[in-house]
Structure formats: structure tokens, C-alpha cells
Amino acid sequence: MAVAVEGELNVYKSAEARFEIAAARLGLEQGLYRYMKYPEREITVYIPVSLDTGQIAVFTGYRVLHSTVRGPGKGGIRFAPDVSLDEVRALAAWMTWKCAVVNIPFGGAKGGVICDPAKLSKAELERVTRRYTASLLDWLGPERDIPAPDIGTNDQIMAWVMDTYSMHVRQATTAVVTGKPLDLGGSQGRKQATGRGLMICCNKAIAKLGMRREGCRVIIQGFGNVGSEAALLMHEAGYQVVAAADVRGGLYNERGLDIPRLYEWVHAERRPLAEFPGGGETLSSKEVLFRPCDILVPAATENQITTENAHRVDCRILCEGANGPTTSHADPIIEGKGIFVIPDILGNAGGVTVSYLEWVQDRQGFFWREREVNEHLEEVMEHSFDEVVRYAETHRVNNRIAAYIVAIDRVARALKLRGFYA
Ligand code: NAD
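Residues numbered from 1 in each chain as written. Predicted model: local features only at pLDDT ≥ 70, side-chain atom pairs only at ≥ 80, totals over all residues. Heavy atoms only, no water.

Section: the site of the ligand
- Around the ligand, a shell composed of 22 residues is seen, among which Asp150, Thr194, Val226, Val247 and Asn323 lie nearest.
- Interatomic distance of 3.2 Å between a side-chain N/O atom of Arg190 and an oxygen atom of the ligand.
- Across the complex, the protein chains shield 82% of the 830 Å² of accessible surface that the ligand would expose by itself.
- Of all the secondary structure elements, the ones that give two or more residues to the shell around the ligand are α6 (190–209) and α7 (225–237).
- Here the shell around the ligand is composed, by residue class, of seven nonpolar, eleven polar and four charged. (Near = heavy atom within 4 Å. Polar contact = N/O pair within 3.5 Å; in protein donor to acceptor, adjacent residues only side chain to side chain. Areas by Shrake-Rupley, 256 points an atom, 1.4 Å probe, with all protein chains shown as cover. Helix = DSSP H or I, 4+ residues; strand = E, 2+ residues; numbered from the N terminus. Nonpolar A, V, L, I, M, F, W, Y, C, P; charged D, E, K, R; others polar.)

Details of the packing of aromatic side chains
- In this structure the tally under the stated criterion is eight aromatic pairs.
- An angle of 90° between the planes, with centres 5.7 Å apart, marks the rings of Phe106 and Tyr356 as edge-to-face. On the criterion of sequence distance, the pair formed by Phe106 in the loop between α3 (85–101) and β4 (108–114) and Tyr356 in helix α11 (residues 350–364) is long-range, its members being 250 residues apart.
- Owing to a relative accessible area of 1%, Phe106 belongs among the buried residues under this scheme.
- With a centroid separation of 4.9 Å and 70° between ring planes, the pair formed by Phe106 and Trp359 is classed as edge-to-face. Taken as a pair, Phe106 in the loop between α3 and β4 and Trp359 in helix α11 lie far apart in primary sequence, 253 residues in all.
- Chaining the aromatic ring pairs together yields one cluster made of Phe19, Tyr33 and Trp97.
- Geometry around Tyr12 places Arg89 over its ring, the cationic atom sitting 5.6 Å from the centre.
- A cation over an aromatic ring shows up here: Arg291 above the ring of Tyr252, its NZ or CZ 4.9 Å from the ring centre. (Phe/Tyr/Trp six-rings, centres within 6.5 Å; stacked < 30°, edge-to-face > 60°. Buried < 20%, exposed > 50% of the residue type's maximum accessible area, 1.4 Å probe, protein only. Lys NZ or Arg CZ within 6 Å of the ring centre and 35° of its normal.)

In short, the description is geometric, and any link to function would need to be established separately.
Shown next, in the form of C-alpha cells:
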């Protein structure tokens, strides 16, 4: 991908750049700054797995525990061919800030395995998952570090993680992972949680900007867990989803896409999004980002909006579903266009919020109805949105830096109370 600035696509650098700006604005003491700048621990594991052919392949996996200052580490496991330690590091740091923005008692962590899940059989995927989990036995645990699904992983994989961990510790430990199947201690509402959280933020943003939901044009890049659930909920709520894309291509229809049917097409019939009959104009996964709309929701992957293309973004609200879809170098371009940004660590925090509720339910052994889960989620998201926007307005910083400041300040206060054990 062409970019104007060298190193722009290193997500760890992007995460670091925002941390630096926020820490400086906050006037963070040097000791606290140094403590928070680095992760607590990182591990690389080499995972030998027998393939269906009988051959042994060795996969590389990572787990980064960024912070346990406010509680156990929390963060997904990504299975993708381009996973790197820097990426996992960035994602782990973002988890720390995200959990702090929405004020849930978790730190931040993330894991990944370099593999292409589409090219592995179900049995191979299970063996990769189990061996990766077994390699991390001393790291994981309901009070230590709690994984969840991310790109390329799902509820079945979380079930295998839970089972492997439970076999080793000799007791069923549902709270070691979140995003599990409902029959195994999963929470009602978890599947929709990230998408619902995005919609709650959009509802708040349009009310703030004096916009109406009816006729409000939304574009969503990414049609997996986050993007497709957001599309469905927003469509049901009266927004008009005019474009959507998955990795293979996108569709644009100024009259609005039939999202429930498109959802069926992609998820039940397992067909490529762009081949949806009568859907509209086909265009590339990237081009959907530049069509005019009121709300743009990048919900696919990192580094989609860069210095090369940020000037082409044509929306009033940028609501980030993916982690790190905008590079730090592109931030000033987006700000210069006057776009109202709902940054990733706020916008997509609905997922981890309901993961927290899942962990609470697993530990208490009592499960709530979906309505109760959604009510909790709404309260957390609305309150967090208000806090970030209020901070931004009072201190004249953009919403992203405000979210980082709220988060860093919360971690710093917990750290001061704990003291430095050194
Ligand atoms: P997923 O694997 O379920 O879906 C990813 C979607 O993005 C798929 O539709 C895929 O085809 C599409 N995609 C991938 N690369 C693309 C590209 N270059 N252009 C266009 N589309 C592309 O993953 P997910 O769980 O929906 O996660 C998406 C993003 O949201 C990631 O950045 C993830 O870290 C973040 N996130 C996920 C959750 C969650 O609860 N699942 C929570 C917070 C943040």
C-alpha cells in the first residue's frame, strides 16, 4: 500500500504517537509515563501442530500483556497471516485504554497466531488453538488474562480455549475466555455487542450534531462480527446503509441496501457480499470509504484511512469499529475536515463491555436476560461517550486524544494508589 509517510502503517507507532500526545497534554509524571509506555510482558510461542496430511507444521504465536494495573489482562486472539508482534503490542495497549475509557476493571492484552484460518481444516484449527492455549497456561486465567475472539477467531475457538485450559487446571473454568457459545457460559447480547455499542455512539453523535436518523446515510467497511451486526442494528433502527464491503469487494446503493437479506446472503448462504443480486454498484473494498455519507464505519481492519486517502473521506461522523483503521498521521487531515470522530477505543468498546458482563455472569454463576445486558451496555456506552466529548470540549482537544487522556488518567490514578513495587 502506498503511503506518504514512512512507517505510517506500523500500528504500534500509531498507538504510541497518540499516547505521547495525550501524556504530554495530561502532564503525566515521568515515572508514570515510563511505566505505562511499555507492556508488562510479551511472549512468542512456536506451536507444533500435526496437519491432516500427517506432516508437522510449526506456527508462530504471540501474547502481549500490556497492563494489569486496573485488573486482569483482557484482549482477543487474532488468527491471520499478517499477525506481527508489533501489531499485537498495539492491540494490547489499545485494550488497556479501551477498558479504562469505559471504566471496566480490566487491563489490556492481546494475542495472535500467524496462520490463515481459511486454509486450515476444522480439526487443524482446533489443534492450533489447543496447543497455543497449552503454551500459555501460566499466562491465562480468569484473574490473570482473559482472551476473546478477534479477526479469524470465533465462539467455537473460545470453547476450545476454555476446554484446554479447564482440562489442565482440572476444573471447568468458563470465565477464562469471553465470547463463548451461549451453552458454555456465553452472554446474551455478546454477538451484537460491538455493533450495538457503535450504534449507541452514533445515536449520541447525531443527537449532538442535530442530525436525524431517518435518511442518515451510513457506509460500513467490513461485514464480519462487528460490521454486519452494526449494519443490521442500524438498519432496524432507521439508518440507511448505502454501502458495505467485505475483503473481496463492496456494494453501493444510494437508495439503501436491503441489509437483512444481505446478512442472510453473507452469513447463512456464505456468498461473497459483492455478488448479492440486485444489490447496487460494485466497487472495491477500499472505495466504499470514499463515497459520500453521513456516517462512515470502518469495521474491517487497520490502516484503512491514511495520509494518501484521508482527503477523500466524505462524511460528517467517522465511527471506528475496527481497531486502528485511521493512522496517526491521517488524524490531522480528518480533524482538518471537521469530521466528528468516535475513536476506536470508545466506538468499539461495546464488545469488551459485554465481555466484562459475561465474565461477571460466569463468576457468579447466574445469567441475565438479553434486555438486562443491553441496558448495562447502553448505560456504559452513553456515559463514556459523554465523558469523552465533555473532556474534548472543555480542554479543546479532539475526541481521540480526549479518549486517550480519560483512559491514561484512570490508569495513572490506579497505579498511584497501588504504588510502584520496586
Ligand atoms: P471478522 O473476522 O468477523 O470480520 C472482518 C470483516 O472485515 C470481514 O467481513 C472481512 O471480509 C472484512 N475485511 C477484512 N479485511 C478487509 C479489507 N482490507 N477491506 C475490507 N474488508 C475487509 O472480524 P471482526 O470481529 O468483525 O473484527 C473487525 C475489526 O473490529 C477488527 O479490527 C477487530 O480488532 C475489531 N474489533 C472486534 C471486536 C469484536 O467483538 N469482534 C471488538 C472490538 C474491535
